[in-house]
Amino acid sequence: MIQTNSLVLASGNAGKIKELQALLPNYALIPQTQFNVSDIEETGTTFVENAILKARHAARISKLPAIADDSGLVVAALNDAPGIYSARYAGQSATDAENITKLLHELDGVPLAQRHAYFFCVLVLMRHADDPCPIIAQGRWDGYILEQSQGHHGFGYDPIFGVSSHDCSAAELSFDIKNSLSHRGEALKKLQQELER
């Protein structure tokens, strides 16, 4: 059981912080930058491994429970790329726009029927840096890749991620609707269930 309602968030991504805080209202999420925690190199080969690395690193330096998110976009037609490299698909310091441009270029000529994709999210909560049984929660959001960007909400690949149930991009959804559908929302619901047990 966590003894404090403060969790260090192993991220500096403002979009992730906003989404996670909205979905975990009973906890105060403190960005790791407030503890001078630098980003750790993501040397894992899976979302789970990278989330564990990030949460352990933040917990060790902050001396508080830490939560980490590792998530990305998986595109079937690209042999599951960009996957764990989603944030740096177009290069180590790539912007969201640069990543989107590269992805659309790679899919140029691929018909809409073959552009299936999904967002995947792994959340890891470590009670302390040496926690032998961290809480791990996963979520998946299926959709497809649009041929051009649409919408101005969200972040990352949201403008090109097609949401079949709403016939729009993830970037055209309201904040609340996106959270009710998304991979991160699903993972957070599972995490909350574990926290309440």
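The structure we're discussing is the one just above.
What this report covers is the structure whose coordinates are included nearby. (Residues numbered from 1 in each chain as written. Predicted model: local features only at pLDDT ≥ 70, side-chain atom pairs only at ≥ 80, totals over all residues. Heavy atoms only, no water.)

### Concerning unusual backbone geometry
Right, on to step 1. Looking along the chain, the bond that leaves Ala-81 and enters Pro-82 is cis, with omega of -5°.
Right, on to step 2. Secondary-structure assignment places Pro-82 in strand E4 (residues 81-82).
Right, on to step 3. Non-glycine residue Asn-36 carries a positive phi angle of around 55°.
Right, on to step 4. Tracing the backbone through its elements, the reader meets Asn-36 in the loop between strand E2 (28-31) and helix H2 (47-62).
Right, on to step 5. Unlike most non-glycine residues, Asp-167 shows phi in positive territory, near 50°.
Right, on to step 6. Among the structural elements, Asp-167 can be located in the loop between strand E7 (161-163) and strand E8 (168-169). (Helix = DSSP H or I, 4+ residues; strand = E, 2+ residues; numbered from the N terminus.)

### Overview of helix H1 (residues 14-23)
For an α-helix, the turn length of 3.6 residues means that residues three or four places apart are oriented alike.
Right, on to step 1. When H1 is considered as a whole, its buried residues turn out to be Lys-16, Ile-17, Glu-19, Leu-20 and Leu-23.
Right, on to step 2. Elements in contact with the buried residues of H1: strand E1 (6-9), E2, strand E3 (66-75), strand E5 (116-126), helix H4 (175-181) and helix H5 (183-196). (Buried < 20%, exposed > 50% of the residue type's maximum accessible area, 1.4 Å probe, protein only. Contact = heavy atoms within 4.5 Å.)

### A closer look at H2
Right, on to step 1. With 16 residues, H2 extends 22 Å between its outermost C-alpha atoms, agreeing within 8% with the 22 Å of an ideal straight helix rising 1.5 Å per residue.
Right, on to step 2. Of all the residues in H2, the buried ones are Phe-47, Asn-50, Ala-51, Ile-52, Lys-54, Ala-55, His-57, Ala-58, Ala-59 and Ser-62.
Right, on to step 3. Where the residues of H2 are buried, they touch E1, E3, E5 and strand E6 (135-145).
Right, on to step 4. In the stretch just after H2, Lys-63 is the one whose phi turns positive, near 65°. (Expected span 1.5 Å × (residues − 1).)

### Observations regarding the pattern of salt bridges
Right, on to step 1. Per the counting criterion, the structure on display carries nine salt bridges.
Right, on to step 2. In this structure, the salt-bridge partner of Glu-42 is Lys-54, at a minimum N-O distance of 3.5 Å. Of this pair, Glu-42 sits in the loop between E2 and H2 while Lys-54 sits in helix H2, placing them twelve residues apart in sequence.
Right, on to step 3. The closest approach of N and O atoms between Lys-178 and Asp-158, which form a salt bridge, is 2.6 Å. Pair noted here: Lys-178 is in helix H4 and Asp-158 is in the loop between E6 and E7, with a separation of 20 residues, a long-range link. The burial state of Lys-178 is the same as that of Asp-158; both residues are buried.
Right, on to step 4. Each of Glu-42, Lys-54, Asp-70 and Arg-88 takes part in a single network of salt bridges with overlapping partners. (Salt bridge = Lys/Arg side-chain N within 4 Å of Asp/Glu carboxyl O.)

### A look at the pairing of E5
Right, on to step 1. Burial within E5 is extensive, with ten of its eleven residues counted as buried.
Right, on to step 2. The pairing of E3 with E5 spans ten bridges and is antiparallel. Its bridge partner lying in E5, Asp-69 is registered against Leu-123.
Right, on to step 3. One ladder, built from ten bridges, connects E5 with E6; its direction is antiparallel. The residue of E6 that forms the bridge with Leu-125 is Ile-135. (Pairing = 2+ DSSP bridges.)

Scope: geometric values only; no functional claims are made or implied.
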